[in-house]
Each structure stands twice: as C-alpha cells, then as structure tokens.
Amino acid sequence: MTGRTPPSLADVVIWCRICQAEDETEDLLAQAQTVDSMYVEWRRRERTGLRRLQDSYTAKFERTSRFRLYSSDVIPGFLQTTEG
C-alpha cells in the first residue's frame, strides 16, 4: 500500500475479519464513509480558492471571545517541570 488511496469498504471488512475484530466493522465502515464525505466537502470548498475559504471564517473569528484548544499529547507549560 502506498497511502495514496483510502481503503475501500471491502478492504475494511477484510481487515476486521483478519484482525478478528468483526464487532468493530460497522463503526469503522461508518467512520470511513464520514471521512470520505468530509474530504469531498473540503475539496468542493477548496475549489474556489483558499483565500475565499479563509475569508468565510473571518466573521466567526471576529465574534470569538474565547478560543480553546485541546491536545492529548502535549503537557501544558504550567504543568511542565525542569529536569533535575
């Protein structure tokens, strides 16, 4: 596999069978379809240019008074300690 094309739905079913995870098949198929539709939507919006896409978020950004971000793999600075 080269990673250039997503797995087909049949590939997902086969992979679940090989991994003995048939109980996960339905969820994985739904996720694969969701990812595909999100990608199609992104490509549709990107077609008119990234500038227009960015500008479509300007009003929301200007109305934002608090912006929160969560990252499960980064320890916040105030919790970090020096090595010692």
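Above this text you will find the structure in question.
Chains are numbered independently. Their residues run from 1 in the order of the written sequence. Confidence filtering applies because this is a predicted model: local features only for residues at pLDDT of at least 70, side-chain atom pairs given and counted only at 80 or more, and all residues used for totals across whole chains, interfaces and linings. The basis for every side-chain value is the complete set of heavy atoms in the structure, and neither hydrogens nor water enter the calculation.

K.L.:
If you had to explain the overall build of the chain to someone new, which residues and values would you point to?
P.N.:
Of regular secondary structure, the chain possesses four helices and zero strands. Comment: elements are numbered from the N terminus, with helices defined as DSSP H or I runs of at least four residues and strands as E runs of at least two. Ordered by position from N to C terminus, the α and β elements of the chain give α-α-α-α. Taking 2.2 N^0.38 as the reference for a compact globule, 84 residues should give roughly 12 Å; the C-alpha atoms of the chain span a radius of gyration of 20 Å, well beyond that estimate. Each principal axis of the C-alpha distribution contributes one length, and for the chain these read about 50 × 45 × 25 Å. Here's how the labels work: a residue is buried when its accessible area is under 20% of the maximum for its type, exposed when over 50%, partly exposed in between, all with a 1.4 Å probe on protein chains only. For the chain, the proportion of its 84 residues judged to be buried stands at 6%. Values of accessible area rely on a 1.4 Å probe in the Shrake-Rupley scheme; residue burial ignores everything except the protein chains shown. Carbon and sulfur atoms form 55% of the exposed surface of the chain, whose accessible area is close to 8,500 Å². Side chains of the chain give 12 positive and 13 negative charges; the mean places of these two sets differ by 14 Å. Only C-alpha atoms enter the radius of gyration; for comparison, a globular chain is expected to reach 2.2 Å times N to the power 0.38, where N is the number of residues. Charge convention: Lys and Arg are scored as positive, Asp and Glu as negative, and His as well as the terminal groups of each chain are ignored. Where a charge lies is defined by one atom per residue type: Lys uses NZ, Arg uses CZ, Asp uses CG and Glu uses CD.

K.L.:
I'd like to hear about the environment of Leu29, residue by residue, with values.
P.N.:
Tracing the sequence through the fold places Leu29 in helix α2 (residues 25–46). Along the chain, Leu29 and Ala10 lie 19 residues apart, while their C-alpha atoms are 9.2 Å from each other. Residue contacts are defined here by distance: any two heavy atoms, one from each residue, within 4.5 Å place the two residues in contact. With sequence-adjacent residues up to four places away left out, Leu29 is seen in contact with Leu9, Val12 and Val13.

K.L.:
Break down the side chain of Thr25 for me, with residues and values.
P.N.:
Topologically, Thr25 is positioned in helix α2. If we ignore the near neighbours within four places in the chain, the residues touching Thr25 are Val13 and Cys16.

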